[in-house]
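Reading the structure
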Amino acid sequence: MDLNLSLLLFCGLFGIGTGFVQGEAEENCTNYKLQFERVFSVPGDTAMLNTTLVSPGVFDFNSVPYNITWYNSGQVIHNQTGRVLVRGEALWFLNVTLDDDGEYVAILRTPFHCYNQSTRLRVDLPVAGQCGRPLKAEQALTKKANDILSCPLKDYIKKLNSYNINSSLTWYRGCQPIEDQATGQYIYRDKTTLMIKGVDDDNNHAYTCTLTFNLGGIKGSVSETILANVREEYSMAPQLREPTNTTLSAHIGSSLSQPCTVFVPGIGMPFIDILWCAGKKLIRSYDPSDRIYINETKSWQMEDGPHKGWLLEVVLTITELREEDFFINYMCQAQSSRGHPKAYFTLLPADPDLRLPIGSVFVCVTFLFITSVTVYYLFKVDIVLWFRRVFPVLYANKDSDGKLYDAYVAYPQPRAIGFSEEVETFALHTLPQVLEKSCGYKLFIAGRDCLPGEAIVDTVEENIQASRRLLLLYTAATFASKKYTSSSSNNNNLSKNNNSSEGDGGSGEVFDEDGGEVHRDTRQQLECVAAMHRSLLERTLKVVLVELEEISPAQLALFPESVRHLRKKQGAVCWWKEGRKSQRWWTCARTRAADEEKTGQDAQTSPAPSLSPSSRFWKKIRYHMPVRGKRATYPETTALLNL
C-alpha cells in the first residue's frame, strides 16, 4: 500500500513538472469560471493576465507545491521571445495584436487536485485622431479644490516590483505630456497619483498615464486613460469627532451606546462609509434584535457657521455587556477618497459602585450602634451582672484589700429625725436577708454591729474606712432641718413622725407620738459628712443612695447640697418603685381573684416588695456593690477592669 502511494505521488509530481496533461477537458478540475475583471488593451501595448487561483482561499500555496499552465483554445501557451512570457501566475503579452483577443485559461495543479480559471483579454483599435485609450475610466475632480487623479496601473507596478524590475510612469493631458512641477498646477505626488491644484473647468479633459519598463529583453509600455469630470460639489477630508481614543467604563450586564461622529467639510452629500470594528472583527449587523449592532448612517447638513459641510453619525449599540466585551479596542473608521481617519475607545469594567454597599453598611452600623446603646442603656445592669457571673476571673479578688465589709449601711437611728420602723426593718432585716444571706455580701449596720460604749466618731470613721461601699438610706424626712410629719410621703408612708410643734424661738425640737423628744442624729450627720467627703473630694469611697420613699422637689430642696449633687450625678436606687410595682401586681391579682370567687371581699393584707435578688431593685443594688472576683492581685497591678 505504501508502494502504491509513493508511485501515485511520483506520477503526480512528474505530471506537474512535465505538463503531460494537455487540455482542460482531460481533467476534472475545480472550475472558478471567468474572472469578472477584464483586461483591456490596444495593439502595440503590453497586457498582463493574472490568475487569482494562488490565494489562501483556494489552497495552502505556502506548503503545497503547485504548477500553473496557461491555455488558449485547448492549447498550451509557451514563452515566445518578444511576444509572450509566462511568469508564475501571470501571462504577459509584450506586443499585443488583434489576434490576441479572446479567453485564456489558467490551470493550477497540485499533487492531489487541480483548479482552473478563465480571463478575458479584449483588444480594441485606438480612435482615429485621439490620443489615449478608446475605453476610459471616469474620475471626478472638485472645482476650486486641490484634487487628485489615480492611475489604474497599480497591479502592473506591483507585479514588476515583485520581479525587481524598475518602471517609470508618465502623465499626459490629451496628447501633451505633463511635467512634474513642484510649484505648478500638476504635481506627481507618488508613482500612481497626479495632484491638480486649483481645479477649474479647463481640467474637464482626458488624462493618460503610461507605464514603461523592460521585461524579457523587450521594452514595453501600458497605458490607461482617465476622463476627468469637474463638479461643483466637493468634499474635503473627513474629520472624526467621536470617539476620541479614550477609555470607557461600564458594568457587566448593562447596555452601551457609542456614536461615531464624522464631519465632512464641503458642498453636496459626501460619499463616505463609516465602519465599526470590535478588535479585528467588522460589525455588520443592523438588526436591533442582535446583541451587538449598528444603526443606519444619519446625516445632518451644517449650513451655519464658518465651516459648512455634513455631519454623519453611526451608533454602536451593545444591549448587554459580557465579560468578553471588555479590554477590546472598538474602532470607528471613515472611508472616503479624501482619507481614512479612524479613532477608537477601549471598554473597561467599571469600578464597583460602593455607594449602596457603603450606605447599607453605614445604616446597619448606625442601627446596630443605636440598638446596642439602647439595649445597653435598658439592660446595662443585667449585662454587667451576667458578665460578672460568667467571667469572675476577669475581676480581682477583693479579700486581700484590707477591707472588712462590702458595705456600710447608714440610716436614721431610733428617736432621730427621719426614723421609722419601716426604715429600721429595711436596714436590719431586709438588707441582710438579701445581700448577706442570698448574695454573700458582708455588711456593717449601725445598731446591729456596734459595740456598747464605743465613741460615735471613732466607730463611724473606722467602719467607713473598713468598708468598700456606703449605702445611704434616706426618706423625705431624713435630712429635714425642721419638723416633718408622715404627710410628707404620699407613696410608701415610710416616715411616721406624728405632728409635732415647733418651739418658740426655733429650738428645732420634735416630739414623737408618746411625747418623747426626737433629736437630730449625730451619727447620721457624721456618716453623711464622712461619706460625702470621701466620695466627692477624696474619691476613695463609692456612696450608693437608697431612696426609700418618693421625694418631691420641695422636699429635695431641703437636702444637703452634697447629697443633691451626688443624687443628680449618679442617681439613686429607689425602693419605693419596687413597692409600687408590687402594689400594681397585687391589685391585678386581687381583681382576678375577685372575679373568680365573686366574693367581693377585700384582701386583708398588702403585698410586700420582692425580696428576690433577681428583682430590678436588688439587681441595681448588686450592680453598685463590689465585684466578687476570683483573679489574684499583685502589687505591680495598677489597672483593673471596672464595670
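Here goes a summary of the coordinates provided. (Residues numbered from 1 in each chain as written. Predicted model: local features only at pLDDT ≥ 70, side-chain atom pairs only at ≥ 80, totals over all residues. Heavy atoms only, no water.)

1. Some remarks on unusual backbone geometry
Look at the link from Glu 242 to Pro 243: it is a cis peptide, with omega at -10°. Following the sequence through the fold, Pro 243 ends up in the loop between strand S19 (239-242) and strand S20 (246-250). Phi at Phe 327 takes a positive value of approximately 60°, unusual for a residue other than glycine. Tracing the sequence through the fold places Phe 327 in the loop between strand S26 (309-318) and strand S27 (328-335). Overall, Phe 327 belongs to the exposed group, its relative accessible area being 62%. For Arg 539, which is not glycine, the phi dihedral falls at a positive 55°. By the element assignment, Arg 539 lies in the loop between helix H6 (522-538) and strand S34 (542-547). (Helix = DSSP H or I, 4+ residues; strand = E, 2+ residues; numbered from the N terminus. Buried < 20%, exposed > 50% of the residue type's maximum accessible area, 1.4 Å probe, protein only.)

2. A short note on the pattern of salt bridges
Enumeration over the complete set of coordinates arrives at 17 salt bridges. The shortest N-O distance in the salt bridge between Asp 101 and Arg 120 comes to 2.9 Å. Here Asp 101, found in the loop between strand S7 (90-93) and strand S8 (102-109), pairs with Arg 120, found in strand S9 (residues 114-123); they are 19 residues apart in sequence, far enough to count as distant. Between Glu 324 and Arg 322 there is a salt bridge, with the nearest N and O atoms lying 4.0 Å from each other. One salt-bridge network, held together by shared partners, links Asp 382, Arg 616 and Lys 619. (Salt bridge = Lys/Arg side-chain N within 4 Å of Asp/Glu carboxyl O.)

3. Concerning H6
Spanning 17 residues, H6 covers 22 Å between terminal C-alpha atoms, matching the ideal 24 Å at 1.5 Å per step. Considered for burial, the residues of H6 that qualify are Arg 523, Gln 524, Glu 527, Cys 528, Ala 530, Ala 531, Met 532, Arg 534 and Ser 535. Where H6 is buried, its residues touch strand S29 (407-410), helix H5 (456-465), strand S31 (469-474), S34 and helix H8 (561-570). Positive phi shows up at Arg 539, right after H6, with a value of about 55°. (Expected span 1.5 Å × (residues − 1). Contact = heavy atoms within 4.5 Å.)

4. Concerning the sheet that holds strand S23 (residues 281-282)
Taken in spatial order, the 5 strands make up an open sheet running S20-S28-S27-S22-S23, and their pairing is mixed. Bordering the open sheet on either side are S20 and S23, each of which pairs with just one other strand. (Pairing = 2+ DSSP bridges.)

5. Notes on a nonpolar patch on the surface
A cluster of nonpolar side chains, namely Val 375, Tyr 376, Tyr 377, Leu 378, Phe 379 and Ile 383, defines an oily patch on the protein surface of about 600 Å² accessible area. By secondary structure assignment, the location of Leu 378 is in helix H3 (residues 355-390). (Patch = residues over 30% accessible without salt bridge, like charges linked within 9 Å, V, L, I, M, F, W, Y side chains within 5 Å. Areas by Shrake-Rupley, 256 points an atom, 1.4 Å probe, with all protein chains shown as cover.)

6. Overview of the side chain of Asn 203
Structurally, Asn 203 can be placed in the loop between strand S15 (193-196) and strand S16 (206-215). Overall, Asn 203 belongs to the buried group, its relative accessible area being 1%. Apart from the residues lying within four places of it in its own chain, the contact partners of Asn 203 are Leu 141, Gln 185, Tyr 186, Ile 196, Gly 198, Ala 228 and Val 230.

7. Some remarks on the sheet that holds S29
If you walk across this open sheet you meet the 5 strands as S30-S29-S31-S34-S35, and the pairing is parallel. Lying at the two open borders of the sheet, with one neighbouring strand each, are strand S30 (443-445) and strand S35 (573-574). The pairing of S29 with S31 spans 3 bridges and is parallel. Directly across from Ala 410, in S31, lies its bridge partner Leu 472.

8. Notes on the pairing of S34
For S34, the tally of buried residues reaches 5 of 6 residues, placing the bulk of the element in the interior. Of the strand pairs in this sheet, S31 and S34 are connected by 6 bridges, and their pairing is parallel. Pairing of Arg 469 across the sheet is with Lys 542, part of S34. Bridge count between S34 and S35: 2 bridges; the pairing is parallel.

9. Some thoughts on the pairing of strand S21 (residues 256-267)
Walk down a regular strand and you will see the side chains alternate between the two sheet faces. In terms of residue burial, S21 counts as a mostly covered element, since 10 of its 12 residues are buried. Examined bridge by bridge, S19 and S21 share 3 bridges and lie antiparallel to one another. Considered in S21, the bridge of Glu 242 is made with Thr 261. Pairing of S21 with S26 involves 10 bridges; the strand directions are antiparallel. Considered in S26, the bridge of Pro 259 is made with Val 315.

Take it as geometry only, folks, not as evidence of what the structure does.
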